[in-house]
Amino acid sequence: MRKRGTIVLIGFLLIAGFFLITEHTAHFLGVLPYLILLACPLMHLFMHHGHGSHQHGQDHGNTQSPTALPASSIQRTEGEPR
């Protein structure tokens, strides 16, 4: 009996999903540009965490970043890639 109920539930969900897609496609496509615009600030918040420019709790008197490139090629060590 439990397996029969699962099959009926899956059938009902498939039919309901079909009618939701066919009847509300115009509504979804009308909102799609706004969803893309909303994704921009969300991506900015969640994807800019790895830059390393936010040095919390470190000495702010040092203006040179610890990962800064040398000012000239003379400062590079021998064998270091350009």
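Preceding this paragraph is the structure being described.
Remember, it's a predicted structure, so these values are computed and weren't measured experimentally.

**Q** For this particular structure, what's the right way to read the overall build of the protein chain?
**A** Helices and strands together make up the secondary structure of the protein chain, namely one helix and zero strands. Across the 82 residues that make up the protein chain, the buried fraction comes to 0%. As presented, the protein chain carries roughly 8,300 Å² of accessible surface, and 67% of it is formed by carbon and sulfur atoms.

**Q** Is there a simple way to think about the packing of aromatic side chains in this case?
**A** In this structure the tally under the stated criterion is one aromatic pair. Pairing Phe 18 with Phe 19 gives two aromatic rings, centres 5.3 Å apart and planes at 70 degrees, and the pair type is edge-to-face.

Parameters at a glance
- Residues numbered from 1 in each chain as written.
- Predicted model: local features only at pLDDT ≥ 70, side-chain atom pairs only at ≥ 80, totals over all residues.
- Heavy atoms only, no water.
- Helix = DSSP H or I, 4+ residues; strand = E, 2+ residues; numbered from the N terminus.
- Buried < 20%, exposed > 50% of the residue type's maximum accessible area, 1.4 Å probe, protein only.
- Areas by Shrake-Rupley, 256 points an atom, 1.4 Å probe, with all protein chains shown as cover.
- Phe/Tyr/Trp six-rings, centres within 6.5 Å; stacked < 30°, edge-to-face > 60°.

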